[in-house]
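As a plain string of letters, each chain reads:
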Amino acid sequence: MDGSVSGKSFRSPEIQRLDAFVDAAFAFAVSLLIIAGAEPLQSFADLGRALTRIPAFACGFALIALFWLAHRTWSRLTPVRTGWTTFLSLAVVFAVLVFVFPLRLLTETATHYISGGLLPGGQLMSGISDLRWTYVIYGVGFAILSGLNTALFANAARALRDGDTAARRDGLQWASTWGVATGTGLLSALIAATPLLRFAPWLPGVVYNLIPLGVAVITLRKRRTA
């Protein structure tokens, strides 16, 4: 496909079908997030137990929505589609459908821990080894999804090199932001793989707080440059 940028010609039926497929895949990932923790309801007590899973579901839903919004932002930023960007979009679909399983496991465990045992999830892991591998798998999956977004936005910035200057700057900023997220996911997985996890089992999760700090630094640098 031609890589130039102009008008509506790039919103062809093929492009619309690809974007619709990605959107549907994210919706299916949310469905998997619900189904993974669902149990047949046989009484009012079962309904009460199901409702206690809402906080964990909300956390997982928010994260999946974050990745979906990133892909939608990229799609609006540049209507250009190439074989490479199609591959990256399909890779995002594959990664998010795999990522949803460790996401559900970690969010239910985290909400159980934060609530002091009031919410379900305490039975999902039998020891520190399970927690370690969940953190590692989750961190690597998070880094892969973030890395794919980094590649998509970097590609958009290159495609807009001779076009919309403001859009190109946005593409570069988004690529930097997702680059920070990629590094954070890898750092979390690395910490989880060390003996430090035994003394600070909360640390790999807290590491993700570095993302808003990194985004703030990127935003500040952009303002200074402007």
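Quick caveat: nothing in here was measured; it's all calculated off a predicted structure. (Residues numbered from 1 in each chain as written. Predicted model: local features only at pLDDT ≥ 70, side-chain atom pairs only at ≥ 80, totals over all residues. Heavy atoms only, no water.)

### Let's talk about the packing of helix H3 (residues 54-77) against helix H5 (residues 128-159)
Item 1. Taken N-terminus to C-terminus, the directions of H3 and H5 make an angle of 15°; their axes are 9 Å apart at the nearest point. One element, H3, and the other, H5, form an angle in the roughly parallel class. Between H3 and H5 lies a crossing whose hand is left-handed. Taken together, the residues of H5 that come into contact with H3 (itself represented by Leu 63, Phe 67, Ala 70, His 71, Thr 73, Trp 74 and Leu 77) are Tyr 138, Phe 142, Leu 145, Ser 146, Asn 149, Leu 152, Phe 153 and Ala 156.
Item 2. Split into classes, the residues belonging to the contact of H3 with H5 amount to 11 nonpolar, 4 polar and no charged. (Axes fitted to C-alpha atoms, helices over the stretch in contact; angles between N-to-C directions. Helix = DSSP H or I, 4+ residues; strand = E, 2+ residues; numbered from the N terminus. Parallel < 35°, antiparallel > 145°, perpendicular 65-115°, else oblique. Left-handed = near helix turned anticlockwise from the far one by under 90°. Contact = heavy atoms within 4.5 Å. Nonpolar A, V, L, I, M, F, W, Y, C, P; charged D, E, K, R; others polar.)

### A few points about the confidence of the model for the protein
Item 1. For the protein, per-residue confidence averages 85 on the pLDDT scale, and 89% of positions sit at 70 or higher.
Item 2. No element of the protein has a lower mean pLDDT than helix H2 (residues 44-51), which averages 73, and none a higher one than H5, which averages 94. (pLDDT = per-residue confidence, 0-100.)

### A look at the packing of aromatic side chains
Item 1. Tallying each qualifying case throughout the model produces 10 aromatic pairs.
Item 2. Geometrically, the ring pair formed by Phe 67 and Phe 99 is edge-to-face, given 6.1 Å between the ring centres and 80° between the ring planes. Of this pair, Phe 67 sits in helix H3 while Phe 99 sits in helix H4 (residues 83-114); the two residues are 32 residues apart in sequence, bridging distant segments of the chain.
Item 3. Take Phe 67: its relative accessible area is 2%, and that puts it in the buried class.
Item 4. A residue is classified by how much of its surface remains accessible, and Phe 99, at 2% relative accessible area, is buried.
Item 5. Both rings, one in Phe 142 and one in Tyr 208, keep their centres 5.1 Å apart while their planes meet at 75°; by these two values the pair is edge-to-face. Here the residue Phe 142 occupies a position in helix H5, and Tyr 208 occupies one in the loop between helix H8 (203-206) and helix H9 (210-225), the gap between them amounting to 66 residues. Accessibility assignment for this pair places Phe 142 and Tyr 208 in one class, buried.
Item 6. An aromatic cluster is defined as three or more aromatic residues linked by ring pairs; in this entry it consists of Phe 67, Phe 99, Tyr 138, Phe 142, Trp 178 and Tyr 208. (Phe/Tyr/Trp six-rings, centres within 6.5 Å; stacked < 30°, edge-to-face > 60°. Buried < 20%, exposed > 50% of the residue type's maximum accessible area, 1.4 Å probe, protein only.)

### Let's talk about H3
Item 1. For H3, spanning 24 residues, the distance from its first C-alpha to its last is 34 Å, which sits close to the expected 34 Å at 1.5 Å a residue.
Item 2. Listing the buried residues of H3 in full gives Ala 56, Gly 60, Leu 63, Ile 64, Phe 67, Ala 70, His 71, Trp 74, Ser 75 and Leu 77. (Expected span 1.5 Å × (residues − 1).)

### Digging into the packing of H5 against helix H6 (residues 165-192)
Item 1. For the pair H5 and H6, the least separation of the axes is 7 Å and the interaxial angle reads 165°. Here H6 runs roughly antiparallel to H5, going by the angle between their axes. Our pair here, H5 against H6, has a crossing hand that is left-handed.
Item 2. Across the contact of H5 with H6, the residue classes break down as 16 nonpolar, 9 polar and 2 charged.

### Looking at the pattern of salt bridges
Two side chains carrying opposite charge are able to pair once their charged atoms lie near each other.
Item 1. Using the criterion set out here, one finds 3 salt bridges in the structure.
Item 2. Put simply, Arg 81 and Asp 19 hold a salt bridge, and the shortest N to O gap is 3.1 Å. Residue Arg 81 is found in the loop between H3 and H4, and its partner Asp 19 is found in helix H1 (residues 13-36); the two are separated by 62 residues along the sequence. We note that Arg 81, like Asp 19, is buried.
Item 3. Measuring nitrogen to oxygen at the nearest pair gives 3.4 Å for the salt bridge that ties Arg 53 to Glu 108. Here Arg 53 is found in the loop between H2 and H3, whereas its partner Glu 108 is found in helix H4, with 55 residues between them in sequence. Comparing Arg 53 with Glu 108 shows no difference in burial state: the two are buried. (Salt bridge = Lys/Arg side-chain N within 4 Å of Asp/Glu carboxyl O.)

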